[in-house]
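Tertiary structure, described
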Amino acid sequence: MMEINVLVVEDEEAIREMLTMVLGQSGFTVHAAADVQIATSMMEEKTPDLILLDWMLPGISGVEWARRLKKGETYSEIPIILVTARGEEEDKVRGLDVGADDYITKPFSPREMIARIRAVLRRTGKFGKGGKIELGGMALDIEQHRVTIGEAELAVSPTEFRLLEFFMTHPGRVYSRTQLLDQVWGRSTYIEERTVDVHIRRLRKILIGHKREELIQTVRGFGYRFSESS
Ligand code: CA
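Residues numbered from 1 in each chain as written. Predicted model: local features only at pLDDT ≥ 70, side-chain atom pairs only at ≥ 80, totals over all residues. Heavy atoms only, no water.

As for the packing of aromatic side chains
Evaluated as defined, the whole model comprises three aromatic pairs. Aromatic side chains Phe-167 and Phe-226 sit 6.2 Å apart centroid to centroid with 20 degrees between the ring planes, which places their arrangement in the stacked category. With Phe-167 in helix H6 (residues 158-169) and Phe-226 in strand E12 (residues 223-226), this residue pair connects regions lying 59 residues apart in the sequence. What makes Phe-167 buried here is its relative accessible area of 0%. (Phe/Tyr/Trp six-rings, centres within 6.5 Å; stacked < 30°, edge-to-face > 60°. Helix = DSSP H or I, 4+ residues; strand = E, 2+ residues; numbered from the N terminus. Buried < 20%, exposed > 50% of the residue type's maximum accessible area, 1.4 Å probe, protein only.)

Structure (structure tokens):
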């Protein structure tokens, strides 16, 4: 499975930060913009796999931008979830009318939002085979948060799960401790680099029990790599 990029467009800073954090914790790569203008330039850099779009934005509104994106050629395939504080049925119809793929009303729980995003990604065929990654004899079930080797379930912590998820979606490449901290723990948290080593050691210990410890390799002087071939 590939990396999934979500573009968050939300003018309220606190909500934007909350969404960025929650999405990041759930394994998505997040870019966030405060308005349509910023979002448009971000899209030129990187085409998102899904847009989480606030209805009410300064300048061009979310619903108007959704209509333009869906009518245009370049970005019409990108799923859009409209976020709004307005819960009226009429708005919902209007949102879906302009081509939005789903609609979520504030306030909503992070869990509900993630579930909606996954449902839309699945429906639009972006989430791979039921959110499952299989590599090196190991299977990662993103929905159920389970890691298995054959019939055996691995007792990994949520952090170790995210670490494995990152490794398995980026196999064969070497990542430094700093890069792993950014990608797995998130840039906003301050954690020492040796925390990465601690979690890698724990993961290897678990993998040894299944004779799969060679999956996580140390690249001396640089960092770590997940690879099927040693
Ligand atoms: Ca707003």
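Now, onward.
A look at the sheet that holds strand E5 (residues 102-105)
Taken together, the five strands give an open sheet; going across it, the order is E2-E1-E3-E4-E5, and neighbouring strands pair in parallel fashion. Every interior strand has two partners, whereas the edge strands, strand E2 (29-33) and E5, have only one. Strand-to-strand twist of the sheet, defined as the mean angle between neighbouring strand axes without regard to direction, takes the value 20 degrees. Inspection of the sheet shows strand E1 (residues 5-9) paired to E2 by five bridges, in the parallel sense. In the sheet register, Asn-5 faces E2, and the bridge partner there is Thr-29. Contacting E1, strand E3 (50-54) and strand E4 (80-84), helix H3 (residues 62-71) runs over the sheet at an angle of about 150 degrees to E3. Contacts from helix H5 (residues 110-123) reach E3, E4 and E5 within the one sheet, and its direction differs from that of E5 by about 175 degrees. (Pairing = 2+ DSSP bridges. Axes fitted to C-alpha atoms, helices over the stretch in contact; angles between N-to-C directions. Contact = heavy atoms within 4.5 Å.)

Some remarks on the domain arrangement of the protein chain
If you check the domain split of the protein chain, you get domain 1 (5-123) and domain 2 (132-226). Taking only C-alpha atoms, the centre of domain 1 and the centre of domain 2 are 30 Å apart. Interface area for domain 1 against domain 2, summed over the two sides, is near 370 Å², with a carbon-plus-sulfur share of 36%. In terms of surface lost to domain 2, no three residues of domain 1 exceed Gln-25, Arg-118 and Arg-122, which account for 69% of the buried area on that side. Applying the counting rule to domain 1 against domain 2 returns zero salt bridges. At the surface where domain 1 touches domain 2, the tally comes to zero residue pairs in polar contact (both at pLDDT 80 or more). (Domains from an automatic or database assignment. Buried area = accessible area lost by both parts, 1.4 Å probe. Salt bridge = Lys/Arg side-chain N within 4 Å of Asp/Glu carboxyl O. Polar contact = N/O pair within 3.5 Å; in protein donor to acceptor, adjacent residues only side chain to side chain.)

Section: the packing of H6 against helix H8 (residues 194-208)
Relative orientation of the contacting elements H6 and H8 amounts to 85 degrees, with a least axis distance of 10 Å. On the basis of their axis angle, the class for H6 and H8 is roughly perpendicular. Together, Thr-159, Glu-160, Leu-163, Leu-164 and Phe-167 of H6 and His-199, Ile-200, Arg-202, Leu-203 and Ile-206 of H8 make up the contact between the two elements. (Parallel < 35°, antiparallel > 145°, perpendicular 65-115°, else oblique.)

A few points about the pattern of salt bridges
Where side chains of opposite charge bring their charged atoms close, a pairing between them can arise. One pass over the full model with this rule turns up twelve salt bridges. Where Arg-177 meets Asp-197, a salt bridge forms, and the shortest distance between an N and an O atom there is 2.7 Å. Taken together, the positions of Arg-177 in helix H7 (residues 177-185) and Asp-197 in helix H8 put the pair 20 residues apart, joining distant regions of the chain. For Asp-197, a relative accessible area of 16% corresponds to the buried category.

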